[in-house]
Amino acid sequence: MAGNNRGADGAVGPITPDPARGPQPAAPTRASWSGRLAFVLAAAGSAVGLGTIWRFPYLAAHYGGGMFLLVFVVFMLTLGVSLLILETALGRRTGMSVIGAFAAYGRKYRPIGAFIAAIPFIIASYYAVIGGWVTRYVFAYAAGMAAQLADGGTNFMTFVANGPVSVAFMLLFAAVTFIIVALGVNGGIEKANLVMMPALIVVSVGVAAYALAQPGALDGLAYLLLPDVSKFSLELVIAALGQTFFGLSVAVAIMVTYGSYMKPDVSITTSAFQTAGTTLGISLLAGLMVVPAAFVALGSGEAVAENSGPSLMFLVLPQVFQHLGAAASAIGFVFFLLVMFAALTSMISLVEACTSLVQDGAGWTRRRSLIAVIVVVSVVGVVVTLGYSSLSFVQPLGAGSTILDLFDFVTNSVMMPIAALATCVFVGWVIGPGEIVAEVRRSAPFRGAKAWTVMVRYVAPVLLVAVLVSSVLRSLGVVSF
Ligand code: PFF
C-alpha cells in the first residue's frame, strides 16, 4: 500500500518531471526527477534552509567555533554523505517512502519506518515558527524599520513576546507553504531554487565580506576557523551530529521519498556529494556572515558563546546592516527575503513528506492528507509560538528554555540519532549492505563501496550508540561531561 499513489496526483514540483529537461514517460504511474540536476536541486533545496543559515552559525558560535566546524565537516563528509547515499538508494530500490520502504522487507519492520515518519511532523511545527520570524523581518525591512530591528535586539525579544503578531506571521509563512504544496507547483520550486540559490550565495558573499571588513571581525574569523582543542566536548559532538542530520535532511524520512522518485541512470554518489558540498559551503558562508558580526556586536568570544542561541542571526545581522546607513533597509530586506526562500523550500519538503506519509499510511487522498497535515502543523505551531509569550512558563529544558528548544532537542539529539542508528543497523545487518551497493551500481561505479559498508555496519552504529547512551546518562545526571 505504502508509496504506491504518491506523485501521481499532483505531487510537488521537484517530483514532477520538467518537460524542458528531458522526455517524460507516457502516462507515468510514478513521477520521477527529470535528471540529476533536478534531484540535486530538490535535495539541496530541502537541505539548505534555516538549519544552514540560522542554526549552524549559532551552534558554531556556542560550541567554540573552529572545533565545532571541524567535527561538523568530518561528520558531513563521512556519516552525512553515507546516509544520503543509503537513504536515496533505499528509496529508489523500494520505490517507496520511509514506512513502505522498511515494510517492503517484512511487515515487522514497519514500526521503524513509522517512528522515523513522526520526525518531519515535529520539525515542520517549529520550523514554521522560525520561518514566521524571518517573514516578519522581511516585512519590517520593507516598512523601513531597519533602525528598530538593529536596536540591541530588544525588538526581536519584544516581537517574539507578542503572541498574536508572532502567530500571524507563523501562519502566513505556513500558509504560503501549504498553498504551494496544494497547487502541486509543477517545477516552480525547482525553478525558484535555480534562481534563489545562486542569489543567496551572491548576497551571502557580499554580506560576509562586509561583516569581515568591520573592526574586530577578524577575531571572529579566527574563532570560527581555528579549532581550539580545549573546546572539545561530548555535547559538541552531539550537536555537530544533530546538525549534520538536520542540515542534510537525513534521518527524517525525506531522502527516502526523494530517492524513490530518482531514475536508475542518475549517479547516487555524485548527487550525494554535490548535495553535501552545497550544504557545507553555504553553512560556512553563513558562519562567515554571522560569527564575525557577532564578535563586532558583542566583543569577546565568551560573550558570543554565551549569547548564542536561536536569536543570534536576528540580533546581530540587523546591527551590522545598520552600519550601512541608508542601504541598511535594502540589504536587510534582500537578505531576509533570501533566507525566507531558503526556509520555504525546506518547509515545502517537510510538508510534502508529511503529506505523502499520511497518504501512504492512512490510505487517504492527497487532499485529505494535506488538510490533516495543515491542521496538525498549524495547531502545534501556534503552541510553539506561544511558548515565547503566554506559554513562556513552560520551560521544559530548564530555566529560560522554550517549547521550541524542546522540539529541537527531541528531534535533533534524540529521535534523529535513533532513526539513523535503526536505518544503519537495518541496512548493515538485516537486509545487508549489498542491497544498497547494488542499487548504487545500477547507475555508476561505487568505488567507495567498501568504506561505505564499514561506515554503515560498524562506524556509524558504534558512534551513534555512544552518543545516545552518553546523552541519556547525561540527561539523567549520571555523568556530567
Ligand atoms: N535541512 C533543513 C535546514 O537545514 O533548514 C531542515 C530540514 C528540512 C530538516 C527538512 C529536515 C527535513 F526533513
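It should be emphasised that the depicted structure is a prediction, and the values quoted were computed from it without experimental measurement.

**Some words on the overall build of the protein**
Then, in step 1: A tally of regular secondary structure across the protein gives 20 helices and 0 strands.
Then, in step 2: Of all 481 residues assigned to the protein, the portion counted as buried reaches 59%.
Then, in step 3: A total accessible area of about 17,100 Å² is found for the protein, and carbon and sulfur atoms account for 69% of it.

**Regarding the packing of helix 3 (residues 66–94) against helix 19 (residues 433–441)**
Then, in step 1: In contact at an axis separation of 9 Å, helix 3 and helix 19 are set at 80 degrees when each is read in the N-to-C sense. One finds that helix 3 runs roughly perpendicular with respect to helix 19. In this structure, helix 3 contributes Ile 85, Leu 86, Ala 89, Leu 90, Arg 92 and Arg 93 to the contact, and helix 19 contributes Glu 435, Ile 436, Ala 438, Glu 439 and Val 440.
Then, in step 2: Looking at the contact of helix 3 with helix 19, its residues break down into 7 nonpolar, no polar and 4 charged.

**A look at the site of the ligand**
Then, in step 1: Contacts to the ligand come from 15 residues, most closely from Ala 47, Gly 51, Tyr 127, Phe 246 and Ile 254.
Then, in step 2: Within the contact set of the ligand, a nitrogen atom lies 3.2 Å away from a backbone nitrogen or oxygen of Ser 46.
Then, in step 3: The separation between an oxygen atom of the ligand and a polar main-chain atom of Gly 51 is 2.7 Å.
Then, in step 4: Notes on the ligand: free accessible area 330 Å², of which the protein chains cover 100%.
Then, in step 5: According to the grid-proximity analysis, the pocket containing the ligand is the largest cavity.
Then, in step 6: Those elements giving two or more residues to the shell around the ligand turn out to be helix 1 (36–47), helix 2 (50–62), helix 11 (234–248) and helix 16 (328–362).

**Looking at the environment of Ile 331**
Then, in step 1: If you trace the backbone, Ile 331 turns up in helix 16.
Then, in step 2: The partly exposed category is assigned to Ile 331, whose relative accessible area is 32%.
Then, in step 3: Between the C-alpha atom of Ile 331 and that of Ala 146, which follows or precedes it by 185 residues, the distance is 9.7 Å.
Then, in step 4: Each residue touching Ile 331, except ones within four places of it in the same chain, is listed here: Val 207, Phe 321 and Leu 324.

**A few points about empty space enclosed by the protein**
If a probe as big as a water molecule is rolled over the atoms, it shows which places are left empty.
Then, in step 1: In this structure the tally under the stated criterion is 4 cavities of 30 Å³ or more.
Then, in step 2: In this structure, the largest cavity occupies an estimated 110 Å³ of space.
Then, in step 3: Around the largest cavity, the lining is made up of 15 residues, and of these Ser 46, Ile 123, Phe 246, Ser 249 and Leu 350 lie nearest the centre.
Then, in step 4: At the level of elements, helix 1, helix 5 (110–142), helix 11 and helix 16 are the ones that each hand at least two residues to the lining of the largest cavity.
Then, in step 5: At 3 residues, helix 16 tops the list of elements feeding residues into the lining of the largest cavity.
Then, in step 6: Considered class by class, the residues forming the lining of the largest cavity number 9 nonpolar, 6 polar and no charged.

**Considering the packing of helix 16 against helix 17 (residues 366–386)**
Then, in step 1: Relative orientation of the contacting elements helix 16 and helix 17 amounts to 125 degrees, with a least axis distance of 8 Å. Relative to helix 17, the element helix 16 lies oblique. Note that helix 16 runs across helix 17; the crossing there is right-handed. For the pair formed by helix 16 and helix 17, the contact residues are Met 347, Val 351, Glu 352, Cys 354, Thr 355, Val 358 and Gln 359 on the first element and Arg 366, Ser 369, Leu 370, Val 373 and Val 377 on the second.
Then, in step 2: Within the contact of helix 16 with helix 17, the residues separate by chemical class into 7 nonpolar, 3 polar and 2 charged.

**What to know about the side chain of Ser 413**
Then, in step 1: The topology assignment puts Ser 413 in helix 18 (residues 403–431).
Then, in step 2: By relative accessible area, which is 12% here, Ser 413 ends up buried.
Then, in step 3: With near-sequence residues (within four places) excluded, Ser 413 lies in contact with Ile 238, Asp 408, Leu 468 and Ser 471.

**A look at the confidence of the model for the protein**
Note: predicted coordinates in regions of low pLDDT should not be interpreted at a detailed level.
Then, in step 1: Considering every residue of the protein, the mean pLDDT works out to 85; 89% of them sit at 70 or more.
Then, in step 2: Least confident of the elements in the protein is helix 14 (residues 301–307), whose mean pLDDT is 76; most confident is helix 19, at 96.
Then, in step 3: Segment residues 1–30 is flagged for pLDDT under 50; beyond a separation of four residues in sequence, or across chains, it makes 73 contacts in the model.

**Topic: the pattern of salt bridges**
Then, in step 1: Inspection of every chain in the model, using the stated rule, returns 7 salt bridges.
Then, in step 2: We note a salt bridge from Arg 442 to Glu 439, for which the minimum N-O separation is 2.8 Å.
Then, in step 3: Looking at Glu 439, the relative accessible area reads 1%, which means it is buried.

**Details of the layout of surface pockets**
Then, in step 1: Approximately 790 Å³ is the volume attributed to the largest pocket.
Then, in step 2: Among the secondary structure elements, those contributing two or more residues to the lining of the largest pocket are helix 2, helix 7 (154–161), helix 11, helix 14 and helix 18.

**Details of helix 11**
Then, in step 1: Taking 1.5 Å of rise per residue, the 15 residues of helix 11 would be expected to cover 21 Å, and the 21 Å separating its terminal C-alpha atoms lies within 8% of that figure.
Then, in step 2: With 13 of 15 residues buried, helix 11 lies mostly within the body of the structure.
Then, in step 3: Downstream of helix 11 by a residue or two, Ser 249 has a phi angle that is positive, lying close to 55 degrees.

**Some remarks on the packing of aromatic side chains**
Aromatic ring pairs are described here by two measures, namely the spacing of the ring centres and the angle between the planes.
Then, in step 1: Applying the stated criterion across every chain yields a total of 26 aromatic pairs.
Then, in step 2: Arranged with centres 5.4 Å apart and planes meeting at 65 degrees, the rings of Trp 54 and Tyr 58 form a pair that is edge-to-face. Residue Trp 54 and its partner Tyr 58 are located together in helix 2, separated by 4 residues, close to a single helical turn.
Then, in step 3: The buried category is assigned to Trp 54, whose relative accessible area is 1%.
Then, in step 4: Pairwise contacts between aromatic rings join Trp 133, Tyr 137, Tyr 141, Phe 156, Phe 314, Phe 321, Phe 335, Phe 336 and Tyr 388 into one cluster.

**Examining unusual backbone geometry**
Then, in step 1: One non-glycine residue, Ser 249, lies in the positive phi region at around 55 degrees.
Then, in step 2: When you line up the elements, Ser 249 lands in the loop between helix 11 and helix 12 (254–260).
Then, in step 3: A positive phi angle, near 80 degrees, is found at Ala 253, a position not held by glycine.
Then, in step 4: Its place among the elements puts Ala 253 in the loop between helix 11 and helix 12.

Cut-offs and rules
Residue numbers here run from 1 along each chain, matching the order of that chain's written sequence. Local features are withheld for residues below a pLDDT of 70 in this predicted model, meaning they are given only at 70 or higher, and side-chain atom pairs are given and counted only at 80 or more; totals for whole chains, interfaces and linings count all residues. The side-chain quantities take in all heavy atoms of the structure and omit both hydrogens and water. Runs of H or I in DSSP of at least four residues are treated as helices and runs of E of at least two as strands, each being numbered from the N terminus. Any residue under 20% of the maximum accessible area for its type is buried, any over 50% is exposed, and the rest in between are partly exposed; the area is computed with a 1.4 Å probe on protein chains only. A 1.4 Å probe and the Shrake-Rupley method give the accessible areas. Residues count as covered only by the protein chains that appear here. Inter-axis angles, ranging from 0 to 180 degrees, are taken between N-to-C directions of lines fitted to C-alpha atoms, where helices are fitted over the stretch in contact. Should an angle fall under 35 degrees it is taken as roughly parallel, and over 145 as roughly antiparallel, whereas 65 to 115 is taken as roughly perpendicular and any remaining angle as oblique. Any two residues whose heavy atoms approach within 4.5 Å are treated as being in contact. Residue type decides the class: Asp, Glu, Lys and Arg count as charged, Ala, Val, Leu, Ile, Met, Phe, Trp, Tyr, Cys and Pro as nonpolar, and the leftover types, Gly among them, as polar. The criterion for a residue being near a molecule or strand is simple. One of its heavy atoms has to lie within 4 Å of it. Distance and chemistry together define a polar contact, namely a pair of N or O atoms within 3.5 Å, with one atom able to donate a hydrogen and the other to accept it when in protein, and with adjacent residues in sequence counting only for side-chain atoms on both sides. Buriedness for pockets is judged along seven lines, at least five of which must meet protein on both sides within 12 Å for an open set on the 1 Å grid over protein atoms alone, while cavities are sets there where a 1.4 Å probe fits but cannot get out, and lining residues have an atom within 4 Å of a point. Cavities and pockets are treated as containing a molecule whenever more than half of the molecule's atoms lie within 2 Å of their grid points. Grid points are joined across faces, edges and corners, and a volume is the space filled by probe spheres set on the points. Crossings are sorted by hand: turned counterclockwise from the far helix by less than a right angle, the near helix makes the crossing left-handed, and turned clockwise it makes it right-handed. Every residue is assigned a pLDDT by the predictor, reflecting its confidence on a scale from 0 to 100. Should a side-chain nitrogen of Lys or Arg be within 4 Å of a carboxyl oxygen of Asp or Glu, the pair is scored as a salt bridge. Helix span, expected: 1.5 Å multiplied by one less than the number of residues in the helix. We call Phe, Tyr and Trp rings a pair once their centres come within 6.5 Å, taking the six-membered ring for Trp, and we label the pair stacked below 30 degrees between planes, edge-to-face above 60, and tilted otherwise.

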